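So the chains spell out like this:
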Amino acid sequence: MNIRLLVGAAALLGLAACGTPTAGTATPTPVAQQQDVPVAAAVQVPAGQKLVGKYQATGVQTYSCQGNAWKGLEPTATLVDKDNKPIIIHSRGPVWISTVDGSAVEATPVDGAKNDVKNAVPELLLKTKAARGDGLFGKVSYVQRLATEGGVAPAGGCKAGAQTSVAYKALYTFYAPAN
């Protein structure tokens with residue numbers, strides 16, 4: 001595992017833990033100040049799902065140089081609750097981990113479920129690959145990455161082995177089966 005990823009995740013966990021109630025005493029609340037955003041048909045969640053959380057993310061998309069071209073390596077982001085308190089860590093997998101209850105979800109992009117956004121990473125629909133815990137992410141079946149800003153790989157060539165990180169923002173929504 002990448003040592004930089006471990007250090008970054010540990011730092012995010014430390015930041016998120018500051019002032020965080022112990023597990024079981026708080027339930028993460030969906031972002032209230034975020035207006036509903038239009039959702040492209042390509043990234044719509046299938047029928048039979050219910051929204052369980054909506055959180056704003058700020059972080060970076062990290063790229064590595066392979067064959068003189070930038071290739072996506074990993075995201076690193078912090079998602080915040082309605083009070084702007086960091087409660088979720090997002091990293092390679094992609095995976096999202098609740099710092100409130102320890103639950104986690106790993107997802108994979110749904111084939112063809114992508115909406116290109118000018119000057120930003122695309123909006124995506126992802127399907128759960130694995131979930132852990134009984135908390136926020138325990139029953140999550142789908143994740144949407146919406147309202148993306150930034151995070152696009154640099155243009156032009158690069159030197160093999162180089163890495164770069166590009167700031168991005170997104171709105172992540174999490175869905176579970178309605179039944």
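Conventions used here
Residues numbered from 1 in each chain as written. Predicted model: local features only at pLDDT ≥ 70, side-chain atom pairs only at ≥ 80, totals over all residues. Heavy atoms only, no water. Phe/Tyr/Trp six-rings, centres within 6.5 Å; stacked < 30°, edge-to-face > 60°. Helix = DSSP H or I, 4+ residues; strand = E, 2+ residues; numbered from the N terminus. Buried < 20%, exposed > 50% of the residue type's maximum accessible area, 1.4 Å probe, protein only. Salt bridge = Lys/Arg side-chain N within 4 Å of Asp/Glu carboxyl O. Polar contact = N/O pair within 3.5 Å; in protein donor to acceptor, adjacent residues only side chain to side chain. Pairing = 2+ DSSP bridges.

**Q** Looking at this model, I keep getting lost on the packing of aromatic side chains. Mind explaining?
**A** What describes a pair of aromatic rings is the distance from one ring centre to the other and the angle between the planes of the rings. One pass over the structure, following the stated rule, counts 4 aromatic pairs. Aromatic side chains Trp96 and Phe174 sit 5.9 Å apart centroid to centroid with 80° between the ring planes, which places their arrangement in the edge-to-face category. Pair noted here: Trp96 is in strand S4 (residues 95–98) and Phe174 is in strand S8 (residues 163–177), with a separation of 78 residues, a long-range link. By relative accessible area, which is 0% here, Phe174 ends up buried. A centroid spacing of 4.9 Å and a plane angle of 55° characterise the contact between Phe137 and Phe174, whose relative ring orientation is tilted. Of the two residues, Phe137 sits in the loop between strand S6 (120–132) and strand S7 (142–150) while Phe174 sits in strand S8, which places them 37 residues apart along the sequence. Judged on exposure class, the residue Phe137 and its partner Phe174 are both buried. Members of the aromatic cluster, connected to one another through ring pairs, are Tyr55, Trp96, Phe137, Tyr172 and Phe174.

**Q** How should I be thinking about the pattern of salt bridges in this particular structure?
**A** Side-chain pairing between opposite charges can occur once the charged atoms of the two side chains come close. What the rule picks out here adds up to 4 salt bridges. Among the ionic pairs, Asp83 bridges to Lys82, the shortest N-O distance being 3.4 Å. For Lys114, the salt bridge identified is with Asp116, shortest N-O distance 3.8 Å. Relative accessible area serves as the criterion here: at 47%, Lys114 is assigned to the partly exposed category. On the basis of relative accessible area, Asp116 is assigned to the exposed category, the value being 61%.

**Q** Where do I start with the side chain of Thr148 in this structure?
**A** Mapped onto the secondary structure, Thr148 falls in strand S7. A distance of 2.6 Å separates a polar atom in the side chain of Thr148 from the backbone oxygen of Val121.

**Q** Would you mind going over the pairing of strand S3 (residues 86–91) with me for this structure?
**A** Within a regular strand, side chains alternate between the sheet's two faces. Counting buried residues along S3, 6 of its 6 residues qualify, which places the element largely inside the surrounding structure. The sheet contact formed by strand S2 (residues 69–80) and S3 spans 4 bridges and is antiparallel. Its bridge partner being in S3, Val80 is matched across the sheet by Pro86. Here S2 folds back onto S3, and the loop between the two strands holds 5 residues, one of which, Asn84, carries a positive phi near 65°. Where S3 meets S4, 4 bridges bridge the pair, whose relative direction is antiparallel. The partner of His90 across the bridge, within S4, is Trp96.

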